[in-house]
Each structure stands twice: as C-alpha cells, then as structure tokens.
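# Chain and residue survey
Residue strings, one per chain:
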Number of protein chains: 4
Amino acid sequence: MQRNRFLPDILTTLFDRKRATGNDTDPRDINQLCNALLAEEGSVSGQKLAEVILARYRGLDDDEKLAFFQFLNDALDIDAEKLAELASTYAQTRALDDFEQLANASAAKRRKLLRRLNQPTGATADLVSMRVDLLRLMKSHPDLGRTDIDFALLLRSWFNLGFLVLKQIDWMAPASLLDKIVAYEAVHEIDDLDDLRRRLSPPDRRCFAFFHPAMPDEPLIFVEVALSDHIPGSVDDVLSEGREPLLPEQATAAVFYSISNCQQGLKGISFGNLLIKQVARQLSLELPHLTHLVTLSPIPRLNTWLTSQLDNPDFGHIAADILEGTAPAEDVRALAARYLLEAKGASGAPVDPVARFHLGNGAEAYDVHANADSSANGRAQSSGAMVNYLYDLTQIERNHEDFALRGKIAASRALKALAKAPFKSKPKELAS
Amino acid sequence: MQRNRFLPDILTTLFDRKRATGNDTDPRDINQLCNALLAEEGSVSGQKLAEVILARYRGLDDDEKLAFFQFLNDALDIDAEKLAELASTYAQTRALDDFEQLANASAAKRRKLLRRLNQPTGATADLVSMRVDLLRLMKSHPDLGRTDIDFALLLRSWFNLGFLVLKQIDWMAPASLLDKIVAYEAVHEIDDLDDLRRRLSPPDRRCFAFFHPAMPDEPLIFVEVALSDHIPGSVDDVLSEGREPLLPEQATAAVFYSISNCQQGLKGISFGNLLIKQVARQLSLELPHLTHLVTLSPIPRLNTWLTSQLDNPDFGHIAADILEGTAPAEDVRALAARYLLEAKGASGAPVDPVARFHLGNGAEAYDVHANADSSANGRAQSSGAMVNYLYDLTQIERNHEDFALRGKIAASRALKALAKAPFKSKPKELAS
Amino acid sequence: MQRNRFLPDILTTLFDRKRATGNDTDPRDINQLCNALLAEEGSVSGQKLAEVILARYRGLDDDEKLAFFQFLNDALDIDAEKLAELASTYAQTRALDDFEQLANASAAKRRKLLRRLNQPTGATADLVSMRVDLLRLMKSHPDLGRTDIDFALLLRSWFNLGFLVLKQIDWMAPASLLDKIVAYEAVHEIDDLDDLRRRLSPPDRRCFAFFHPAMPDEPLIFVEVALSDHIPGSVDDVLSEGREPLLPEQATAAVFYSISNCQQGLKGISFGNLLIKQVARQLSLELPHLTHLVTLSPIPRLNTWLTSQLDNPDFGHIAADILEGTAPAEDVRALAARYLLEAKGASGAPVDPVARFHLGNGAEAYDVHANADSSANGRAQSSGAMVNYLYDLTQIERNHEDFALRGKIAASRALKALAKAPFKSKPKELAS
Amino acid sequence: MQRNRFLPDILTTLFDRKRATGNDTDPRDINQLCNALLAEEGSVSGQKLAEVILARYRGLDDDEKLAFFQFLNDALDIDAEKLAELASTYAQTRALDDFEQLANASAAKRRKLLRRLNQPTGATADLVSMRVDLLRLMKSHPDLGRTDIDFALLLRSWFNLGFLVLKQIDWMAPASLLDKIVAYEAVHEIDDLDDLRRRLSPPDRRCFAFFHPAMPDEPLIFVEVALSDHIPGSVDDVLSEGREPLLPEQATAAVFYSISNCQQGLKGISFGNLLIKQVARQLSLELPHLTHLVTLSPIPRLNTWLTSQLDNPDFGHIAADILEGTAPAEDVRALAARYLLEAKGASGAPVDPVARFHLGNGAEAYDVHANADSSANGRAQSSGAMVNYLYDLTQIERNHEDFALRGKIAASRALKALAKAPFKSKPKELAS
C-alpha cells in the first residue's frame, strides 16, 4: 500500500495542451479578449483565447491587475434588474422555460468568464494565483469583494471535497515537492531539507497532504504527525534533534503537531477538518493499537486574553505573572484551561480560533501544558502554553453537534477540573 | 516501496473514503437525510451523510426515484420570491453585502445538496448515474427538467475542459478498460475483445479517450483512428480483417472513423470538439509527415432527406434510385454532396447533425463516398454513403467563425463541384 | 488500489539500447563475429557486436542454426587438457594465482560468449529463444547437450530465485499480457479472452505469475487459484460458467487448480515450488480465515499404471473397470489412492510426476476424486480422477525432509485409509 | 515509450519475501547452516535458510566475519584433484556425461553457496555488502583472494550489462535517493541537498545513473552533466553558484564533469563505459543540436609525474614552476598535454588512470586547461589542471581499436600541437 504512494500518475495528461508562448500577436486588449471568450459558443477557439488571456494576465503590473479586476467587478457584474424580473416571473409560473432563463441569468458574467478561462492545462493554478492578487488588492478596494464572491463560489465547486486526493509524504517523496513543504510550513518553521528530514524520515513520523488533480504539484494542506508512546506536552520534545525514534508498533498516540494551509488563493475553502479525519482513520487502520489521536496545538489568543484580564479580581495577578513568565506551571495550566473553556465571544463561541476549529470538528479539549513551545512565537502568543485536542472518532459527531447546536464544549474531566482548580499563587498583597 | 519513486499518483486516493456498507441504521428517510445534509454546517458528518444518501438512492426502485426527484424539484426549488427581492435590492445598491446575499440565494437548494453529495469517493460517478435515471424519468415527467438544469450546471462545472485527461488506449491497456470500449462503441459495433484487438493492436491504429480524475475507470468519450496512406472511402476497408497493416511512418492520413460518447449522464456537455483537436495535434507531433487529418463519418439523415425529396423535379428520380439501391455511385456522391452543402433547417444550419458537429468545429466537408458502409445501419441511414471531414489545424478557427457567424459551410473545391455536377442517370421517362 | 498494479515501470530502461536494424554491413560471418566478441576486451564495441550476432541468428534457418550450435559445441568447447593441468597445479600449490588461472579456464568459451551476448536490451529473451531451438535440435544431435549444459548453467544464474518478481494478474492487467496467459495455459485450456475473464474477473479467483526484470513482458510461470468454501472435488465445478461467485471473506479454501510453465527455453529451471509457497503465504496474509491451501491436480500416469495392473490378482478387475469407465466412484478413489501412495519407480520415488513435484515440495496427498475432470485429456490420462495436495505451511519442511531423505509420503489419514479399503466391486467371476 | 504505458511494474515484488526476523532459534552455527543450504536439494527450505544465514552474518563482528570467509576459502574450496581427473577424462572422451560431471565440478562449493544465498528479497545487496567486508579483510589476509574471485565471477554474471537500467535523476527524484547521490559523489564533493539542488534543478543540468533491478534503491554509478554553449575549461565555472542557467535548446556541448562509482562491493565490474555511451546517445537524441560531448576530467597523476620530472633537462624547470604554482597557464597546458600524450608505463599504456579509462573507451584527448579546479584536491593532484576528453560517437570504435591494439592515443590536432609547443618560460639560469 505504502509503496504505491509515488507511482507515476497513470492519468496524467499525456500530451499537454500547450500554453501560449511568446507569439501572442492578438491586437485586442485583455478586456476585449475576455468579451470574445464570453461570446464564443463552443470551445473551438476558447481554449486558445483562455491561454492568451492567462498569459497576458501574468504579465500585468498591479495597476493593470486592478483595472482588470474592476472590469470583472463592474462590466461583467450580474444583470440584477433582469434577474429580478426573471425571478418574479418564475415565482409566478414555475415553468420550465422560465426556470431555465432564470438559471442562466443567476450568475454574474465574470463567473462564466472564469469558468471558460479554466480550460488550458495549468489554468486552475493560474486562477488560484489570480485570487491571491485579488485578495491583496481588495484590502484597498473592498468593493472588489463582489468579484471575490464569484471566485470563491467557483473554487469551492472545483475544489469539492470529493475531488481531493490524500497522499502520504515521506522521505521518498520528490525533492521538488519537499521544497514546497518547507516553504509552506506555517506553524513550526522548517529551515531546509535537512531540517525536514528529521520530520519525515524517522519511522515514528508521518506527513499527509491533500492534492487536487488539476494542481498535482501543489499540496493544498498538510499535517505533520508524531507517533509517540505518550501524549506529549511540548513541541520542543517532539522536534528535538537528539531524540531516539520509536518503532511505530510501540506507539500509543498519534500527535498532530502542525497543520498548514498552503494556498492563499483558496482562502475560505476549508480542508482541515476532512484532512484530520481521514488521517485519523488511516492511522487507526494502519496502527490498530493507537489509543489516542490528539493534536498538540498553539493557543494563539491566550496572551491577548490574559492582557485583557489583568484587572480581573479572581486571577488578574495570575495573568500578570504568566505574562511576566513568573507563574508556576500549575497556574499557567489552570488559567489556560479556564481560557479555553470559558473565554467566549459575543456569538457565544470560544475566542480562540484554533479552539473553534478543533471543537467545531468534534474534538475534545483534552489537556494543557505550560512551557510547551519555547519559540519566540510560542512565547509571544501563549507564554509557551499549548493544548491537546483529542479526536475520538466515536465521539466527534456528537461533540460537533453539541458544540454547533448547543454551544457546549467537549472537554476531558481532568481539564474541567483544572479550570475550576484554585491557583497556586496567592495574590501578591496577600502573599507579602 | 522505494522503487515507486517519481511523481505523486495524484489520481489515486490512497485511502478510500469508504462507502457506506450494510450497517445503515439511520431511522430518517432519504428526504430527511437530504435536509440534514443541507443543514449541516461544515463537513463533520456531511461526508457520512452523503454516503448514506447515495447508498439509499442506489436501492430505490423507479417509483421511489421519481418521488426523490420530485422532492428535489419542488421542495428544494429556488426561492424565487426572495431572489427577486434580493436582486431588486442589489440592482439599486450595488452593495457588497447585498451581492453576497444575492449570490447565496441565486441557486436552488437542490444544487447545494448535489454539491454536498459529491464528497465520498465515487460520488461523482453516482451523481452521473443519477442523472441517467433523471433523464429517463423526465420523458414522462418533463417538469423534472428544472432539476436537470441544476444537474447539468453542476456537472458542466465539474467536468470543465481543464480537468479532462487525454489518454491513448492500446492493447497494453487494462482488459477491464477495454471491456468498456467494447460496450461504449456507438458507431461501428465491436463484437468482443478479439474484435477490438484488430482496432487497437496493429501499428497503424490508434485510440484516444478523455478521462476525469474523479472517475478514473470510466472513459468519457473516445475516438478510433486509422493511419493510412490514402484517404479511405469506405469503413469496410478500414475494418477489414485481412488487411496488411501499415508502418506508422508510411502513413499520410489519420482517419477518425469512430467517435463515441460514453456517459449518458453527461448529456449536453460536449467533449468531442476538444478531443478531436487534441488528438489531431498529438498525431501531428508524433507523425510529422501526416498531411491529412480527416474523419470518415456517417450521414445519419441522408435517407430521411432523400425520402422528403422524392417529388423534387430536379433529382427526385435520383433520390428514388438511391433509396432503392440502384443509383450509380457517381449520383449517390453528387446528391449526398448537395445534401451536405445545401440541406438546411429553419435556423439555417445543416440538417445533418454530424455535419453540424464537424462544421461547427471548424472542419471542412472534403469528400463523399458511395458504398462506404455496408452495415445494416449504414444502409438504412445513408444508403451506404459516408463523408470525410477534413481538420486543417491552420483553418479551423476561420472555418468555425465563418460557419458560426455567417452560416458559411467550408467545403473542398471538389465537393463543391460535385454538388453542382449533372447527374449521370436521366429521369426515367426520358431514359425510356 | 487495484489500478496501481500495472502502472508503468519506473525502472524500465528509459532509453532502449537500440537493436541492430537492417544496416548490418559487417562482412564477417557469424562465427567470426562470435570470435571477435570473445576477443573484445571491455564493452566498447561488444554491445554492438552482440546486437549484430543476435540479429543474424534470428535470420538463420534450421541448418544454419545447427551449424552455429556445432560451432559453439566444438570450436568453443572447454580446453580440458589445460584445465586438467591447471587443476593439478592448484591442487598442489593452493596458490591465489593458480586459482585465478583455474577459475578463468574452468568454463567453456561458449559460456563467456553467451554472457557477452546478453548485453543489448531484449538479449535475455533472445537467448531463451535460442535455447528453445537448441533443445529441438538436440533431439537429433544429442551431443549438443554439452552446449545445453552451459546454457542451463548461465540461465540458472540469471534466473536466480532472488531476481524473480511475483505479480498478481487480474482483469486490470494489460490485454497483451492476458493474451500470453491464454497461450501458455497448459493444464485446462483457455479458449480466448472472454473465457479467461471467467478465471480472472470474479472476486473468488486469483492468478499469480513470476516475472524476470530482463523479460518484463513474459511471464515465466503462473498459477490459477480458486477461492472456495469447500475443497472442490472437480475442476468442472471450478470452471463451470454458471456458478455464483463467492465473496473472498467467505472462502475457507484456496485451490491451486492450474500451474503452467511458460518458457520452454528455461527447461530444467524450476520456479513452481517457490511460486506456490509465495502465493500460499500471500493468500494467508490477505485472507487469514483460509484454513486449507490445496491443489486440484491431474494424475497424469494413472491410466498407464492401471493398464500395467490388469493382471494384478488383487485389483486387476477394478483397474479394468476403471479403464472402461464402469467402476463405481468409490473404487476409482480407492485405487487412485493406492496408486498415489504405493506406485513407485526404481528409485523409490512415486511414478506420478505431479505427485513427485508436490510431495517433493512438502505437500501432503490429501484426497482423491472420481469424475473430477471430464475433458478428453482428463479421461485419457486418469479416467477423470484428480487429487488434492495440501500445502500446510507449518508442515512443508518436515514433509519435504521425510520425502527427500526417507522416501516417506505425507498423506492424510483419510487417504491412507482409502488406499487400504476393500473395493466395492467384486471380481467379475465372483460377482456372476 | 508509449508502449510502456501499461506494462507491469516488474521491479516491484508485490509481496516481499520477508526477511528473517528476531525469532532465529536454529541451534546450528553459521557454517553448519551453510552446509545445510548446500545439501538442500530444491528450494523448499533453501530460501528460509538463506534468510537466516544472511541475518546471522549481519550480526557478526570482524573476527567472526574473518572466520566465516576462511570457512568459505578453505572448507568450501574447489576439489581440484577431482576436477583434474574429470578434466583429463573429458579431454579423452569428449562424452556428454563426462562433460556434465566436469561442469558440475568446475566451481568451488562456495560459489554454489553464494548463489543459493541470493534467494530472499534484498539478498543481492547483502552479498554486495559482504564483499565490501571481504575486500577489507583481504588486505591483511590476501589468501582470501580465492574467495573474492568467486564473488567477482558471480557478481559479474548477475550485474551483466544487459540487466542494467538507466535512469535520469532530477529534482523530482525521491529525497532518499538524492541523499545517496550526495553520499556517493566521489569527484567534486556535494555538501548537502541544497548544494545538490544546484546540480540537478537548473534546466541545463542532467544526471543519469545505472540501477540493477535487484537493488532498486541503490545507484551503481552516476554521471553529472552540464549543458553549455561552449566547452568549459574550469569546473569552478560549471559549479559556480551565481551563474545564469542556459536553455537546453541553446546548448552546443554536453559536459560530463563527474562520474562516481557507488558500490565498493562491485569493484572490478565496470559500468562507466556503457553509462557514458548510453547517456551520450540519449542526449544526442534529445538535443540534436549538440555538437560536442566532452568530459571535464581530473588528471590525478599529473603532479606525481611532474615531481618525477624535476631533473628533466627539457622541462624540469617548468615542472618545478607548475608545482610551485608560478608557471604561466600556457606552460601548464603544454606540459599537461605532453604528460597525457607521452607519459606511459611499462605496458605502454598512459600512466594516468583517467586517461586510460576514457581513451580505452574510444574518447579523444581534446583539450587541457590550467586553473580549472581550484579545490584542495584539484591543486594537490594536478596543480589545478583539467582535461576534456571528447566522445565522438562516430569515432569511438576506431579510436578504441587503435588504442587497444596499437597503443595509439587519439588526440585533437590542437592538443598534439600543444604537446610539441615550446614553453613560454625559459630555464631559470638563462632567464637570469
């Protein structure tokens, strides 16, 4: 099974639909070309037009790109008047013909354009890159958000979960792919390939990624997993250079210690939930003696919250000590537990985004650790604290439902106790 | 293991998202399950729900399927009143928020449902099969056409030309795939694998197919090609058992003698144009001495038209002779040429569907042949006549444009002359 | 997953060492070329010389081939006088230099020639074909056996068990490979691919073959396996068209019902033993609930032996009835059991070659069946009787040792009892 | 190439013959096990015995290994008396039976043992490693050379040129394989994977290696190639970090700048000649506009020779200047040319081993360069000078023959002139 991992792709396009090369002598400008592509019935010259437009786009500077997006946003916007009319008609008639006209009018022209642009080999990746530009330009031109809505709808359809391909990535993977893992790692930075070797090569390490068939060289998201004989309380241990690797058969826990989204251009299209569950299922099959599938996750908003609690009569002094790095580990754990279980925003959801993600997936808040991430980033965001979320495949649906419908956070008994525990440090005035 | 080194096999999900097995104990009925899938935020239980729904569907009888489609058609129809309102609002405000609401309301709920059903492995093929059922049931329930519009829109997005993969199919292909080629051949029937061997194994034969990554075992469309040292005037010659194969280097013509669509469920989504052009390009690269890329095509409506022309004063007697099988070959060719170039429908397009397809692709009507297809079907539809359409890659765009915009049919000088030529047979009364 | 089995071989020579084409203008005859290849130090022109010689050989008629083999046999024979001398010297000195000279002189020049011929791509297959010719010509020229000894030694080294590759062959295999399975099946004839489909496609059928990396298109030996919920007593049942296939999980027995050697040119190099054991091990891993791995084997010499026993006072009448097809099944079984366990040749080994093969492999004679093979061949060789040999992986080494060293035949208790059982039919005179 | 698409991946044993694990409870010692393996007829327990022996061997220390090799060397030596007798008999009779006995007796028992050890998966690599040990121990126990002769004969048969597989290695190759390229590079050291990226990733770089199917993870030999628009005179240029890569279409020269043997255990079995020629042929096909296939090679013995020439009346002073690093480039080139063309050993062959290799392959000494390799090693062995050997595929056979048979060195006109040219520097006394 494993050994089939990097086999040649039997369905790879044998014969690439060639990309437009230097000989683009079309006198029309990019907007005119887009209109031509929209007018084109059938695909006779559509593919070639798409190639030319995508090649032109790659050569644009930011001002020109902005103009192009504004063209999409305004000239190729939806014909809302007509749509309103057709919808009213259909609301009355419920007739097939009326529905057909309505369906055809219900999307902006730019959506049709984007779909037609996606014909040449490699076009999907081009369109994902185009959205990266769009998201950047939207910061100063928020009205382009209308165009982004169409981008997002289309990409969500193309990057449908049913089309994703899970692949294990190990030290047998092509070096060119590994270069991308190094570049995309977002949680615990990787220096270079030799650093990556430590995360992929030992027998107690795993990495899995999702790919899309139209972008076979580009991982969409990947997760790094450590097999362990205990639930580790520190990413420093997990990544330490000197450690003795474990035999996979000896592992009792699989620790998801890093999840990285790779494609900015797919913002808002979520793969993490499915990735974790598929990997969890796969590891459970491969290593049936695993008893715990847990994350080792950062707590990105802990320090922000602590800062907001400095005046809290119950634990403001603890928060201060933690922020100063002088709190005992027990107090760090206790207050972090309280934060995870109790700090909620206006909507009633936890303020911590990572907590929202995992709890929303149906995981259980399982344990917290002090001094778990000594990196600069780890200290800055959570004073070095980290958290394990537990994925119990038999419970995730119920947990998810409780969380989504009733706002109930699944947590281990120990963590709940910790959140109620008295602090070790006394308030300073009392202590003196 | 080590040995399977280079390149992710991106089309193989390593670890299949397992299909729902027998243990479906969910008490809800299929409509309730669909509502649950629609309500489900995120994909926590969505994939499992989709598996259950698809498995349930596979077990339905036709009455139940009809009920299911009626549920999609009515209960999950578009909220047209709301859409009309949102469209009117946006027409006035052009505001981002209003556009977002409009975009979200602009598709029927069933479309969202179908998209969410497409999560488990194999779901795409299930949905394509589902549409086969729908098209069948639509014959007696035409109002289901509204649901089919959403199916078609979604499938068109998923089967975007940019996602198709061209593969050459030869005698090294898996037997299980070749079984499908035998089954799907729509033009010149193939008896069994031993019959197929004659079309794939000789060095002067080629076959190419498009695949979609989500249905890797299912060809979408395929074309059979004969390499030849002349432009053949008879498919009987092309398929004859005793013929001596040519070395590819000796070929001057590539003859596309059979194109078959494989998936009824993808009706209305056209792949043929792109397939022909990609194969033409590929063959031109591989065999640079090829001078002619032609089809050898049926003329499906010829006899129907001849029958309608029996009273035609100019050539009614010729038409009669052809239908009776007594006309000389020259007259068959002359009248077939006239049919191809002049017989047009109300819209001004040729009445022959195969002619519309190839001329619309930018091909040129090149030559016609009598006694070219002696099969029962060939005699019944065109009295054995066939036609070559020529794909000249340097002309197809211009031809296409002339045809699409100006209704002009590209034809060889010889064919034009033939369509003007006097008939050999004299009218019977004159002849006597 | 299945679909990965016949992926392109990533270690296939990327760039074929091209075979000699028509432009062989070398004025030397084949013997001179062989001498040149022997004289050639290093491989500068060796590979090209080898190509030319192999191409020349392919063009020879039988008389010329005979002359070529006689050249190998005589002109390139071992220099026995020199070898005797060198051996005597080394026997006295045990010196390194003397050993080196001895080692270099210890093989006939033809062996060196054959090794040097094996340089171009495809040469191994050519040499195997060459031996097919040699074996044929040896029938009338037995002295060529000396050359065959060198062929056999070299091929045994190249086809070392460590180099063999086991592959499962199913209906996903390339049609071109399946054509060879049809052609090579030696036990129960296969009509065509459609007939083969019945042996490969159902879920309760398996086929495995050994390949050698230098002949990737050519199976060396293959075995066909039926999964069953009982130990079948008839190959007619196994091959019957109408049968309902079993789910693999329901099988308790794996039945090896046909083993075919594919390469005449590898005569005397045995792969069957290893094949059966590897397949047995593989099936045991895949289907752990299998309890019996058995063959369903022919008894090729039974009728010959029965004929020789017609005067046997104890069971001559039974033998006669069996040969006439009038014996009850019980008597067929009883006498066949007696044959298998007791009919031995001068060397003390069983006279039945299939029995010698399986018992020598460590299998146990398990059961015999009457009316098990109704084919013409089955009736002619064994009056339709067949036998199951049981491969019990925990016993094969002991069985083998008992058989090889002590001539003891492993047999089930039931079969032993059967061989001792009284016959049902009375002698005819008594019966009357 | 097309036709390899669906070929069986014959290099992947689907089901590995498992290696002996910890549970080796056999009471016999390794020598007894070897005797048992030799006694074993057929392969019933042979494969398992081989596994146990190889596993035992891996656990031996050097003293035990020495004892094991001495056992092979003495106890399993050839029976020379018997061989002498059989050879004498055959010399007289020329009888088939006598030849057969002779053939069976003509190899030492250890050779049969080694062949039988080569049954389990991975055994070939084990035996190659075993020879590494043997070669090391031979330094202090030269009599073990007899055993090495049998190792070498067997490995030469197994690593027959016809079994080698050429593969291109680029940045898509598995990182685990690239690690080996880093480790095995013998000519111009590679620091790490990031350093290797510069040699594999640019479009004007190539690397090719030979593999053997039984050791698919282990390159046997590899060559690094730089595409260039001129014949480079310095490896520093070739490897420089800052250089601008060339498009392959612009290259006129392919420069083989590093060839490394990877397997010490295959000492004496030469792959380099065939590798260079296959790569040369492949590059000529891929890039038909290449006009020069050259090496950029070290001159390992130049400084040694210069030192020996210090008293030479004609150019002793030049030699001294070169060694001191004060000679002008012209003089370095002139004297290096003289060395290459004229410095010959007792046998008449060039004293330089790299020269012997390339000239023996049929290459032509083409040009020499001063200041071409500024590495410590380059300065130490050749005062920084390097040489281009030219592979002209139309000349290599003639060059080889001239060199092998007549001792004639092929050299460019320019190089010959250089070797005759007067030196620029005058002798020091004259200069003063």
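As the structure is a prediction and not an experimental result, all values here were calculated from the model.

## Observations regarding the overall build of chain A
Of regular secondary structure, chain A possesses 20 helices and eight strands. Considering only C-alpha atoms, chain A reaches an extent of 80 × 50 × 45 Å along its principal axes. Out of the 432 residues belonging to chain A, those deemed buried represent 58%. Within chain A, contacts between residues at least 6 apart in sequence are counted, and of these 74% link residues at least 24 apart. One finds the centroid of the 49 positive side-chain charges in chain A at a distance of 4 Å from the centroid of its 60 negative side-chain charges.

## Looking at the pairing of strand β2 (residues 205-211) of chain D
Each regular strand shows side chains that alternate between the opposite faces of the sheet. All names here are of chain D. The buried count for β2 comes to seven of seven residues, which makes it a mostly enclosed element. Burial along β2 is two-sided: the face carrying R205, C207, A209 and F211 and the face carrying R206, F208 and F210 are both buried. Inspection of the sheet shows strand β1 (residues 165-168) paired to β2 by four bridges, in the antiparallel sense. Of the residues in β2, the one forming a bridge with K167 is A209. In the sheet, β2 pairs with strand β3 (residues 221-228) via six bridges, with the strands oriented antiparallel. In the sheet register, A209 faces β3, and the bridge partner there is F222.

## A look at unusual backbone geometry
At N371(A), a position not held by glycine, the phi torsion is positive, near 50°. Among the structural elements, N371(A) can be located in the loop between β7 (364-369) and α17 (376-382). Even without a glycine there, the phi angle at S383(C) is positive, about 50°. Structurally, S383(C) is set in the loop between α17 (376-382) and β8 (386-390).

## Digging into the UniProt feature "domain: Malonyl-CoA decarboxylase N-terminal" (unreviewed entry) in chain A
What UniProt calls "domain: Malonyl-CoA decarboxylase N-terminal" (unreviewed entry) maps, in this numbering, to residues 79-159 of chain A. A helix fraction of 78% and a strand fraction of 0% characterise residues 79-159 of chain A, whose end C-alpha atoms lie 27 Å from each other.

## Topic: the domain arrangement of chain A
Residue and element names in this part refer to chain A. By domain assignment, chain A separates into domain 1 (6-158), domain 2 (162-295) and domain 3 (298-431). Averaged C-alpha coordinates put domain 2 and domain 3 at centres separated by 25 Å. Domain 2 puts 19 residues into the contact, and the matching count from domain 3 is 18 residues. Linking domain 2 with domain 3 are zero salt bridges, by the criterion used here. Counting across the interface, domain 2 meets domain 3 through eight residue pairs in polar contact (both at pLDDT 80 or more). Secondary structure elements with two or more residues in the side of domain 2 that touches domain 3: α11 (235-239), α12 (272-286) and β5 (292-295). A per-class count over the side of domain 2 that touches domain 3 returns eight nonpolar, eight polar and three charged.

## Regarding the UniProt feature "domain: Malonyl-CoA decarboxylase C-terminal" (unreviewed entry) in chain A
Listed under "domain: Malonyl-CoA decarboxylase C-terminal" (unreviewed entry) in the UniProt record, and renumbered for this structure, are residues 162-309 and 332-392 of chain A. Helix makes up 43% of residues 332-392 of chain A and strand makes up 18%, while its end C-alpha atoms are separated by 26 Å.

## A short note on the packing of helix α2 (residues 46-58) of chain A against helix α7 (residues 123-138) of chain A
Residue and element names in this part refer to chain A. Packing of α2 against α7 leaves a shortest axis separation of 11 Å and a crossing angle of 40°. Here α2 lies oblique to α7, going by the angle between them. Crossing hand, α2 versus α7: left-handed. When α2 is examined against α7, the residues L54, Y57 and R58 are found in contact with a partner set consisting of A123, D126, L127, M130 and D133.

## Quick look at the environment of G272(A)
All names here are of chain A. Relative to the assigned elements, G272 resides in helix α12. On the basis of relative accessibility, which here comes to 6%, the residue G272 falls in the buried class. Between the C-alpha atom of G272 and that of I259, which follows or precedes it by 13 residues, the distance is 7.7 Å. Contacts of G272, omitting those with residues within four sequence positions, involve I221 and F357.

## Examining the pattern of salt bridges
By the definition in use, this model includes 115 salt bridges over all chains. In this structure, E185(B) engages R199(B) in a salt bridge whose closest nitrogen and oxygen atoms are separated by 3.5 Å. Linking E185(B) in the loop between α9 (175-184) and α10 (193-200) with R199(B) in helix α10, this pair joins segments that are 14 residues apart in sequence. Overall, E185(B) belongs to the buried group, its relative accessible area being 8%. The residue K65(D) makes a salt bridge to D133(D) at a minimum N-O spacing of 3.0 Å. Linking K65(D) in helix α3 (residues 62-75) with D133(D) in helix α7 (residues 123-138), this pair joins segments that are 68 residues apart in sequence. Both residues of the pair, K65(D) and D133(D), count as buried.

## Remarks on the environment of A349(B)
Here A349(B) is to be found in the loop between α15 (329-342) and α16 (353-360). Taking the C-alpha atoms as reference points, A349(B) and E244(B), separated by 105 residues in sequence, lie 41 Å from one another.

## Things to note about the nonpolar core
Inside soluble globular proteins, nonpolar side chains tend to come together where they are buried. Ranked by internal contacts, the top residues of the largest apolar core, which has 102 residues, are F69(D) and F271(D). Beyond its immediate stretch of four places on either side in the chain, F271(D) contacts F159(D), L161(D), L164(D), F210(D), L220(D), I221(D) and L266(D).

## Comments concerning the packing of helix α6 (residues 109-117) of chain A against helix α8 (residues 145-158) of chain A
Residue and element names in this part refer to chain A. Between α6 and α8, the shortest axis-to-axis distance is 10 Å and the interhelical angle comes to 45°. On the basis of their axis angle, the class for α6 and α8 is oblique. In this structure, the crossing between α6 and α8 has a hand that is right-handed. Within the contact between the two elements, α6 uses R110, R111, L114 and R115 and α8 uses R146, T147, D150, F151, L153, L154 and W158.

## Examining the packing of aromatic side chains
All names here are of chain A. Under the defined criterion, the tally for this structure stands at 32 aromatic pairs over all chains. Seen in terms of ring centroids, W305 and F315 are 5.8 Å apart; in terms of plane orientation they differ by 35°. Their pairing is tilted. With W305 in helix α13 (residues 302-308) and F315 in the loop between α13 and α14 (316-324), this residue pair connects regions lying ten residues apart in the sequence. Residue classification places W305 among the buried positions, given a relative accessible area of 13%. For F315, a relative accessible area of 6% corresponds to the buried category.

The rules behind the values
- Residues numbered from 1 in each chain as written.
- Chains lettered and ligands numbered in written order.
- Predicted model: local features only at pLDDT ≥ 70, side-chain atom pairs only at ≥ 80, totals over all residues.
- Heavy atoms only, no water.
- Helix = DSSP H or I, 4+ residues; strand = E, 2+ residues; numbered from the N terminus.
- Buried < 20%, exposed > 50% of the residue type's maximum accessible area, 1.4 Å probe, protein only.
- Contact = heavy atoms within 4.5 Å.
- Lys, Arg positive; Asp, Glu negative; His and termini not counted.
- Charge placed at Lys NZ, Arg CZ, Asp CG, Glu CD.
- Pairing = 2+ DSSP bridges.
- UniProt positions renumbered as here; feature names shortened; annotations may be inferred.
- Domains from an automatic or database assignment.
- Salt bridge = Lys/Arg side-chain N within 4 Å of Asp/Glu carboxyl O.
- Polar contact = N/O pair within 3.5 Å; in protein donor to acceptor, adjacent residues only side chain to side chain.
- Nonpolar A, V, L, I, M, F, W, Y, C, P; charged D, E, K, R; others polar.
- Axes fitted to C-alpha atoms, helices over the stretch in contact; angles between N-to-C directions.
- Parallel < 35°, antiparallel > 145°, perpendicular 65-115°, else oblique.
- Left-handed = near helix turned anticlockwise from the far one by under 90°.
- Core = buried A, V, L, I, M, F, W, Y, C linked by side-chain atoms within 4.5 Å.
- Phe/Tyr/Trp six-rings, centres within 6.5 Å; stacked < 30°, edge-to-face > 60°.

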